[in-house]
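# Breakdown of the fold
One-letter residues, chain by chain:
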Amino acid sequence: MAAIDIAGVSTVYPNGVRAVDDLDLAVADGELFALLGPSGCGKTTLLRTIAGLEQASAGTVGIGALDVTRLPPGDRRVAMVFQDYALFPHMTVAENIAYPLRVRRASKAAQRDAAERMSGDLSLTGLLDRRPGQLSGGQQQRTALARAVAADADVLLLDEPLSNLDARLRLEARTFLKRLQRELALTTVFVTHDQAEALALADRIAVMDAGRIRQLGTPREVFQRPADMFVANFIGSTPMNLLPGTVVDGQVEFAGTRLPASGVPGEVTVGIRPEYLRIAPDGVLSGRVSIVENLGVTSLVTLDCGVPVGVVVPEHEEPAVGDELRVSPAPGRVLLYGEDGRLR
Amino acid sequence: MTGFVLRRIGFYVVITVVLAFFAVPMLWLASAPFDARPGLGIRWPDWTLSNVRTTFEHPFALTSLVNSLILCAAATVVTTVLAALAAYSLSRVRIPGRDVLLYLLLLLSSVVTGTAAMVPIFVLMLQLGLINSQLGTALVIGGGMLPAAIFILKDFMDSVPRSYEESARVFGARPRQVLGHVVLPVARPGIATIVVWAFVNAWGNFLLPFLLLRDVGKQPAAVLLRTLNDEGGSANLHVIPVFSLLYSIPVVLLYLMVSKRYGFRFHGGIKS
Ligand SMILES: Nc1ncnc2c1ncn2[C@@H]1O[C@H](COP(=O)(O)OP(=O)(O)OP(=O)(O)O)[C@@H](O)[C@H]1O
Ligand SMILES: [Mg+2]
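Predicted model, so just to flag it, every value in this text is computed and none were measured.

## With respect to the overall build of chain A
From N to C terminus, chain A includes nine helices and 20 strands. Taken across its 344 residues, chain A has 52% of its residues classed as buried. Looking at chain A as shown, the accessible area adds up to about 15,000 Å², and 50% of this sits on carbon and sulfur atoms. Each charge class in chain A was averaged separately, 35 positive and 42 negative side chains, and the resulting centres sit 6 Å apart.

## Observations regarding the sheet that holds strand β2 (residues 18-27) of chain A
Residues and elements named next belong to chain A. The strand order across the open sheet built from four strands is β2-β1-β4-β5, with neighbouring strands paired in antiparallel fashion. With partners counted over all chains shown, the strands left at the sheet margins are β2 and β5 (66-67), one partner each. In this sheet, β2 lies alongside strand β1 (residues 4-12) in antiparallel orientation, the contact comprising six bridges. Directly across from Val 9, in β2, lies its bridge partner Leu 23. Running over the sheet, helix α1 (residues 43-51) touches β1, β2 and β4 (58-63) and is turned about 115° from β1.

## Re the environment of Ala98(A)
For Ala98(A), the position within the fold is in the loop between α2 (93-97) and α3 (99-103). Residues Ala98(A) and Ala115(A) lie 17 residues apart in sequence; the distance between their C-alpha atoms is 5.5 Å.

## Brief notes about the packing of aromatic side chains
For any pair of aromatic rings, the description consists of the separation of the ring centres together with the inter-plane angle of the planes. What the rule picks out here adds up to 12 aromatic pairs over all chains. Ring geometry for Phe88(A) against Tyr99(A): centres 5.0 Å apart, planes inclined by 75°, an arrangement best described as edge-to-face. Taken together, the residues Phe88(A) in the loop between β6 (78-81) and α2 and Tyr99(A) in helix α3 connect sequence positions 11 residues apart. Take Phe88(A): its relative accessible area is 0%, and that puts it in the buried class. Taking the centre distance of 6.3 Å and the plane angle of 35° together, the rings of Phe34(B) and Trp47(B) count as tilted.

## Points about the nonpolar core
Among the nonpolar cores identified, the biggest contains 109 residues, and Ile6(A), Leu35(A), Ile97(A), Tyr99(A) and Leu157(A) are the most heavily contacted of them. Take this core: its biggest share by element is seven residues, from helix α6 (residues 134-158) of chain B. For Tyr99(A), the contacting residues outside a window of four places in its chain are Phe88(A), Met91(A), Ala168(B), Phe171(B), Ala173(B), Gln177(B), His181(B) and Val182(B).

## What about the domain arrangement of chain B?
Residues and elements named next belong to chain B. Taken domain by domain, chain B consists of domain 1 (2-48) and domain 2 (59-271). Distance from the C-alpha centre of domain 1 to the C-alpha centre of domain 2: 33 Å. Listed per partner, the contact involves nine residues of domain 1 and eight residues of domain 2. Between domain 1 and domain 2 lies a buried interface of about 640 Å² when both sides are counted; carbon and sulfur atoms form 84% of it. It is Leu 29, Pro 33 and Pro 38 in domain 1 that bury the most area against domain 2; as a group they hold 61% of the surface buried on that side. Between the two partners, domain 1 and domain 2, sit zero residue pairs in polar contact (both at pLDDT 80 or more). Of the residues that constitute the side of domain 1 that touches domain 2, the class distribution is eight nonpolar, one polar and no charged.

## So, the interface of chain B and chain A
Facing 16 residues of chain B, the contacting portion of chain A comprises 25 residues. In total, about 1,800 Å² of surface goes out of reach between chain B and chain A, with carbon and sulfur atoms giving 61% of it. Looking at the side of chain B facing chain A, the largest losses of area belong to Val170(B), Phe171(B) and His181(B), adding up to 40% of the total buried there. If you look at where chain B meets chain A, you find two salt bridges. The shortest N-O distance in the salt bridge between Glu166(B) and Arg48(A) comes to 2.7 Å. For the pair chain B and chain A, the number of links is eight residue pairs in polar contact (both at pLDDT 80 or more).

## Things to note about the confidence of the model for chain B
Residue and element names in this part refer to chain B. Chain-level pLDDT for chain B is 86 on average; 96% of the residues reach the 70-or-more range. When the criterion is pLDDT under 50, residues 266-272 qualifies, and its contacts beyond four places in sequence or with other chains add up to 11 contacts. The complex model carries a pTM of 0.80, and its ipTM stands at 0.81.

How each quantity is defined
Residues numbered from 1 in each chain as written. Chains lettered and ligands numbered in written order. Predicted model: local features only at pLDDT ≥ 70, side-chain atom pairs only at ≥ 80, totals over all residues. Heavy atoms only, no water. Helix = DSSP H or I, 4+ residues; strand = E, 2+ residues; numbered from the N terminus. Buried < 20%, exposed > 50% of the residue type's maximum accessible area, 1.4 Å probe, protein only. Areas by Shrake-Rupley, 256 points an atom, 1.4 Å probe, with all protein chains shown as cover. Lys, Arg positive; Asp, Glu negative; His and termini not counted. Charge placed at Lys NZ, Arg CZ, Asp CG, Glu CD. Pairing = 2+ DSSP bridges. Contact = heavy atoms within 4.5 Å. Axes fitted to C-alpha atoms, helices over the stretch in contact; angles between N-to-C directions. Phe/Tyr/Trp six-rings, centres within 6.5 Å; stacked < 30°, edge-to-face > 60°. Core = buried A, V, L, I, M, F, W, Y, C linked by side-chain atoms within 4.5 Å. Domains from an automatic or database assignment. Buried area = accessible area lost by both parts, 1.4 Å probe. Polar contact = N/O pair within 3.5 Å; in protein donor to acceptor, adjacent residues only side chain to side chain. Nonpolar A, V, L, I, M, F, W, Y, C, P; charged D, E, K, R; others polar. Salt bridge = Lys/Arg side-chain N within 4 Å of Asp/Glu carboxyl O. pLDDT = per-residue confidence, 0-100.

Pasting the structure below:
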């Protein structure tokens, strides 16, 4: 068990790409931590830098009390699950799971023992003598996880562990992963570009962009108060409404309406999540319904209030296209972003 | 309609001729060794085993086959071990001009160990004192096969995902363990291909052993075959057929063994 302490780390690839850029991050002992961000933002690189597969060009990486910046991957007491799982195709499931023990020259009996114990924990019993090629995606994923857990490391690193699974299996695996992590109390960092996954699983989230962390916080904080417009855009299953507005004498003017607001006068962007707008007869925003998209138990309604405004409404309140609708934001859920894009 | 039939007939005639072209030597190889009066044509034999006895009593026939085995085994080991290590490094380490280097080696190797380089190779080996040395000859044969072997194997190594090795490294495997536990086993079909290819190549190599091994007692089967004459100086047909049959057995066995275990994947340059 160990915390991870990353200070001022940059990772530059030989071709000059600065994939991780002067990044600070502390992951607490036993925490389930998610790295979230769009494709190419450096998530995998950061994970590989923690694992030692990439060398940090600057800064230090600490795991527990140890500075591991210059240590090879095998000496860092980390275990990693790769996106393609990297199960060895010529070994059976049992041999794969026991591989970390084989490297340490544990006895054959101890290896078999570990494989059996792990397979029990991860519902792989009965598959031990198969080869990875004969497993389903979910079983491969659990085998990779079992192998990582068998390594008895201090830190578990997962690179998009669920992305190769279909939607249904992914939900199962998610629950499974969370339970496993709780039971083992293993410091875990996982990479994902699926924000629903990050919100559902993680104790804390770091949203990355271009090699830097844009926001770090609990899923609730990140969802409710995105620190800047990049995060606001990125987080949420429906895109946040970002409406141009102006602050003048204690009020903010946007989309043909006014709301009380503090702060210095000037141009702002008003951010309201579609989920935080509800239909009300005395609503401050009004417009004509232009699009209705079914999301299952809710619908995403687009109102034309001069600018398009998205509203999530429950199924029993679903309006028809062309209706006039009044909506108002939930108290305290209207966010103002300054001209630099940061939350004011 | 008649056009179609004629075309069919023509097709089968061509196929038959081509087939006969390949089948006749095979049939000869099957019948001549056991014929009391073997000739160069094929005919139904007067069955006998006396040719076999004659061949076994020939002073150099069996020795030369053993020599062939030793020579080819050594050349195959040299080629496979060096090619596997070189292909792995070339596949994993970025060196500027790596591909040019590979193509150049491949191109030169066919020149360097061929007829064109006969004299320089002879002089080189003479000065190294490796004339008449089986190991020396194996090194030259192996060296000649090396570039092509590296080229084919590098392709196999390229198709082994890096994440296998990285995964092993994260679990603490040292470089030697990564190679032994992961890379070599995964590349095994490729290595098997190279073993067969190198062995067959070396087995059929006439020029280099002929050039470098002066002592009849050290010459391999491919070279000895040329000297199997009777007292009158014409080809000894009581020995040659049996000898040829024995000569072809190891190669066929190796093919069968490897093909049973791995299947074949001859496709240098093309990814599966
Ligand atoms: N081996 C490499 N050599 C050079 N540049 C690389 C290498 N790997 C990644 N990069 C670059 O580094 C940047 C970050 O890549 P990284 O793989 O960390 O992104 P990511 O956040 O994991 O993306 P994704 O969600 O698509 O997996 C990208 O711009 C990428 O092009
Ligand atoms: Mg990635």
